[in-house]
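Fold and geometry: a report
Here is what each chain is made of, one letter per residue.
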Amino acid sequence: MAYRAMDAAPAESVAEERRGREVGRFCHACGSVYPLFQRRHKGKPSFGKDHVASPCSQEGEAFEMGAAWWEPAVEVLPPPPAEEQAGEEE
């Protein structure tokens, strides 16, 4: 099984200072990121598993705000340089 991946993660799992722009919608059920323009959970994800033996339990549902099964996916920004981190500790 192959994964297509990028530096994206569910927004709630990334520290505030490392969150970049929103790049999609992360489904908690299948662990895949779907495009922002897609209104329903269907078809192939932008990033996730290439081959899935069975469809996701959320397949066909609309990406409605407030639904517990998905959340925005954001770019994960690189950590700050080591010099900045050392300066903050002093």
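Everything below is about the structure printed above this text.
What you are looking at is a predicted structure, and each value in this text was computed from that prediction instead of being measured. Numbering of residues begins from 1 in every chain and follows the order in which that chain's sequence is written. Owing to the predicted nature of the model, reporting of local features is limited to residues with pLDDT of at least 70; listing and counting of side-chain atom pairs is limited to 80 or more, with chain, interface and lining totals taken over all residues. The side-chain numbers reported here are obtained from all heavy atoms of the structure, hydrogens and water having been left aside.

Things to note about the overall build of the protein chain
Secondary structure follows DSSP: runs of H or I at least 4 residues long count as helices, runs of E at least 2 residues long count as strands, and numbering of each begins at the N terminus. A count of helices and strands for the protein chain gives one helix and six strands. Relative accessibility under 20% of the residue-type maximum defines a buried residue, over 50% an exposed one, and the middle range a partly exposed one, all with a 1.4 Å probe and only protein chains included. Evaluated residue by residue, the protein chain yields a buried proportion of 28% over its 90 residues. Accessible surface computed for the protein chain: about 6300 Å², of which carbon and sulfur atoms make up 51%. All accessible areas in this document rest on Shrake-Rupley with a 1.4 Å probe, and a residue is counted as covered only by the protein chains that are shown.

What to know about the environment of Glu59
Relative to the elements of secondary structure, Glu59 occurs in the loop between β5 (48-49) and β6 (70-76). Given a relative accessible area of 35%, Glu59 falls into the partly exposed group. Put simply, Glu59 and Cys27 are 32 residues apart on the chain and 10.0 Å apart in space, counted from C-alpha to C-alpha. Between two residues, a contact is recorded if the distance between any of their heavy atoms is within 4.5 Å. Non-local contacts of Glu59, meaning those with residues more than four positions away in its chain, are made with His41, Lys42 and Gly43. N or O atoms within 3.5 Å of each other form a polar contact, as long as, within protein, one can give a hydrogen and the other can take it, and as long as residues adjacent in sequence are counted only when both atoms are side-chain atoms. Separated by 3.4 Å, the side chains of Glu59 and His41 make a polar contact.

Regarding the pattern of salt bridges
Salt bridge, as used here, is a side-chain nitrogen of Lys or Arg placed within 4 Å of a carboxyl oxygen of Asp or Glu. The tally for this structure, following the rule as stated, stands at two salt bridges. Two residues, Arg19 and Glu16, come together in a salt bridge whose shortest N-O distance is 3.2 Å. According to the relative accessible area criterion, Glu16 is exposed, its value standing at 59%. Notably, a salt bridge pairs Glu75 with Arg21, separated by 3.5 Å at the nearest N-O pair. In this pair, Glu75 sits in strand β6 while Arg21 sits in strand β3 (residues 19-27), placing the two residues 54 residues apart along the sequence.

Digging into the sheet that holds strand β4 (residues 33-34)
We call two strands paired when DSSP finds no fewer than two bridges between them. Strand order in the open sheet formed by four strands is β2-β6-β3-β4, with antiparallel pairing between adjacent strands. Each edge of the open sheet carries a strand with a single partner, namely β2 (8-10) and β4.

Details of the packing of aromatic side chains
Here a pair means two rings of Phe, Tyr or Trp (six-membered ring of Trp) with centres within 6.5 Å. Their orientation is stacked below 30 degrees between planes, edge-to-face above 60, and tilted elsewhere. All chains considered together, the criterion is met by three aromatic pairs. Taking 5.5 Å as the distance between ring centres and 85 degrees as the angle between the ring planes, the aromatic pair formed by Phe63 and Trp70 counts as edge-to-face. On the basis of relative accessible area, Trp70 is assigned to the buried category, the value being 7%. Three or more aromatic residues link up through ring pairs in this structure, and these residues are Tyr34, Phe63, Trp69 and Trp70. Here the guanidinium or amino end of Arg25 rests over the ring plane of Trp70, the centre of that ring lying 5.6 Å away. Criterion for a charge above a ring: Lys NZ or Arg CZ within 6 Å of the ring centre, and within 35 degrees of the ring normal.

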